[in-house]
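Take a look at the letters that make up each chain.
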Amino acid sequence: EGVYKVAVIGSGNWGSVATKIIASNTIKQSIFHDDVRMWVFEETLTTGEKLSETINKNHENCKYLPGIYLGSNVVADPDLENTVKGADMLVFVTPHSYIKGICKRLAGKIKPEAKAISLIKGMEVKKEGSCMISKLITEVLGINCCVLMGANIANEIAEEKLSEATIGYREDQEVANRWLQLFATPYFLVSIVEDIEGVELCGTLKNVVALAAGLVDGLEMGHNTKAAIMRIGFKEMRAFSKLLFPSVKDSTFFESCGVADLIATCFGGRNRKVAEAFARNRGKRSFNDLEEGVLQGQKLQGVLTAQELFEVLIDRGWEDQFPFFITVNKICTMQLPPRSILQCSSVLNSTQ
Ligand code: NAD
Ligand code: 13P
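Residues numbered from 1 in each chain as written. Chains lettered and ligands numbered in written order. Predicted model: local features only at pLDDT ≥ 70, side-chain atom pairs only at ≥ 80, totals over all residues. Heavy atoms only, no water.

S.K.: Talk me through the nonpolar core; I want residue IDs and the actual numbers.
M.R.: Counting 54 residues, the largest nonpolar core has F240, F324, F325, V328 and I341 as its most contacted members. Top element by residues in this core is helix α8 (residues 196-218). It accounts for 13 residues. Other than its neighbours up to four places away in sequence, F325 contacts V208, V209, G233, E236, M237, F240, L309 and L313. Core analysis: the second largest hydrophobic core is formed by 42 residues, V17, I22, I55 and V91 among them. (Core = buried A, V, L, I, M, F, W, Y, C linked by side-chain atoms within 4.5 Å. Buried < 20%, exposed > 50% of the residue type's maximum accessible area, 1.4 Å probe, protein only. Helix = DSSP H or I, 4+ residues; strand = E, 2+ residues; numbered from the N terminus. Contact = heavy atoms within 4.5 Å.)

S.K.: Before we move on, can you summarise the packing of α8 against helix α11 (residues 270-280) with the specific residues and values?
M.R.: Two elements in contact, α8 and α11, have axes separated by 7 Å at closest approach and are oriented at 40°. Put simply, α8 runs oblique to α11. Our pair here, α8 against α11, has a crossing hand that is right-handed. For the pair formed by α8 and α11, the contact residues are N207, A210, L211, A213, G214, L215, D217 and G218 on the first element and N271, R272, A275, E276, F278, A279 and R280 on the second. Looking at the contact of α8 with α11 residue by residue, the classes come out as 7 nonpolar, 4 polar and 4 charged. (Axes fitted to C-alpha atoms, helices over the stretch in contact; angles between N-to-C directions. Parallel < 35°, antiparallel > 145°, perpendicular 65-115°, else oblique. Left-handed = near helix turned anticlockwise from the far one by under 90°. Nonpolar A, V, L, I, M, F, W, Y, C, P; charged D, E, K, R; others polar.)

S.K.: Describe the site of ligand 2, naming the residues involved and giving the relevant values.
M.R.: Neighbouring ligand 2 are the residues K121, G150, A151, N152, I153, K206, D261, T265, G269, R270 and N271. The backbone of N152 places a nitrogen or oxygen atom 2.9 Å from an oxygen atom of ligand 2. In the model, an oxygen atom of ligand 2 is placed 2.7 Å from a nitrogen or oxygen of the R270 main chain. In this structure the site holding ligand 2 corresponds to the largest pocket. Every element with two or more residues in the shell around ligand 2 is listed here: α10 (256-268) and α11. (Near = heavy atom within 4 Å. Polar contact = N/O pair within 3.5 Å; in protein donor to acceptor, adjacent residues only side chain to side chain. 1 Å grid on protein atoms, 1.4 Å probe; cavity = no way out; pocket = protein on both sides within 12 Å on 5 of 7 lines; lining within 4 Å. Sits in = over half its atoms within 2 Å of the grid points.)

S.K.: Which residues make up helix α12 (residues 287-295), and what values go with them?
M.R.: Listed in full, the buried residues belonging to α12 are F287, L290, E291 and L295. Viewed along the axis of α12, the buried residues span an arc of 105°, placing them on a single side of the element. Counted as exposed and oriented over 90 degrees from the buried face of α12: N288 and E292. At its buried positions, α12 is contacted by α8, α11, α13 (302-316) and α14 (323-332). After α12 finishes, the residue Q296 shows a positive phi value of roughly 45°. (Arc of directions from axis to C-beta.)

S.K.: An account of the packing of aromatic side chains is requested, with residue identities and associated values reported.
M.R.: Inspection of the entire model under this criterion finds 11 aromatic pairs. When the ring of Y4 is compared with that of F32, the centres are 6.5 Å apart and the planes differ by 50°; the resulting orientation is tilted. In this pair, Y4 sits in strand β1 (residues 4-9) while F32 sits in strand β2 (residues 32-39), placing the two residues 28 residues apart along the sequence. Using a relative accessible area of 24% as the deciding quantity, one classes Y4 as partly exposed. Among the residues examined, F32 registers a relative accessible area of 1% and is labelled buried. Among the aromatic residues, those joined into a ring-pair cluster are F240, W318, F322, F324 and F325. Lying over the aromatic face of Y4, R178 brings its terminal NZ or CZ to 3.9 Å of the ring centre. Taking the ring centre of F267 as reference, the NZ or CZ of K226 above it sits at 3.9 Å. (Phe/Tyr/Trp six-rings, centres within 6.5 Å; stacked < 30°, edge-to-face > 60°. Lys NZ or Arg CZ within 6 Å of the ring centre and 35° of its normal.)

S.K.: Report on the site of ligand 1, specifying residues and quantitative values.
M.R.: Neighbouring ligand 1 are 24 residues; N13, G15, N152, A154 and K299 lie closest to it. With the chains in place, 89% of the 840 Å² that ligand 1 exposes on its own is no longer accessible. Among the cavities detected, the one that contains ligand 1 is the largest pocket. With 3 residues, helix α1 (residues 13-26) is the single largest residue contributor to the shell around ligand 1. Of the residues belonging to the shell around ligand 1, the class tally is 11 nonpolar, 9 polar and 4 charged. (Areas by Shrake-Rupley, 256 points an atom, 1.4 Å probe, with all protein chains shown as cover.)

These figures capture arrangement, not role.
As structure tokens, then:
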């Protein structure tokens, strides 16, 4: 019996792949307990079966990751409190809009010495300002929380195609090393960086740039325009991160969580895909409507993040410094047409 018991909170597309990776490691390394408990937000499938029951029967998440064997040591559990019972390592991987409610339900129900890691790309905006998800987890649960971000299109990693990821941590490198041991495989190359805010903001903000990249695809503007949009978005990502947290390091933007994730998501991500459909419909169908049809239960993070980012920029009086982020939000909320991503003069003339 291993020392550390692992629980995964979330079982969507990336949640299922992360669980598969983790389960392949816990069974091989004696410091981890073999079984990995995965919380499933329960739903009834069109066949009438419960999702968690089919996962436990077939070792496959037929809704969010069809055709991929998760491992016989993965136990799907629809009971959130039971999932985390006795767990020493908690992996959070849900759409960011649900995390606060989940943490509130878990407060006081986890081991005080447990450690957490967030794979969630997003942020929370409160009256007192913006809050990173790792900080929210630490504040509500009172435990250390690292982050793992990277160029990680889940379906590709599910097929064990080579990819990299970055773990961000604060102060406690020993804990970061334990997370690395849990995640690293020959096809999933993980590095660690002492810049938790930088890593988390890269993962969060690139979703907004990916929406712009998708708009450009939908407008059929070609590779050069898309590259220009990505470059300008990347600059605003860096400028915003450093304004919010002066400790953020430039070098973080050259890790997998930075430029690599930006490229992967702008070419192969869901935010890009739905934004392309939005532009092709000339902005006549809302993102919510398209998300339902295109993603079938999977969730976009970029549209809400663009809105949250907008609120932070207005609140801090930074809106003039971030014309690109502001424009993406106005397009997503249908205040501007998709083509404005090209007309935004500060985008075209950006010399920042
Ligand atoms: P997903 O978008 O595939 O699926 C949505 C999930 O939300 C499902 O598990 C669904 O059951 C759950 N859900 C629906 N309503 C809910 C509710 N009311 N409360 C709680 N859960 C509910 O999920 P995902 O791809 O695992 O994304 C989780 C996080 O991982 C996101 O922050 C995303 O940005 C990040 N991420 C995703 C990928 C990827 O390629 N999919 C890669 C890296 C990071
Ligand atoms: P999407 O949510 O746009 O698919 O991005 C996935 C991702 O974060 C890849 O690293």
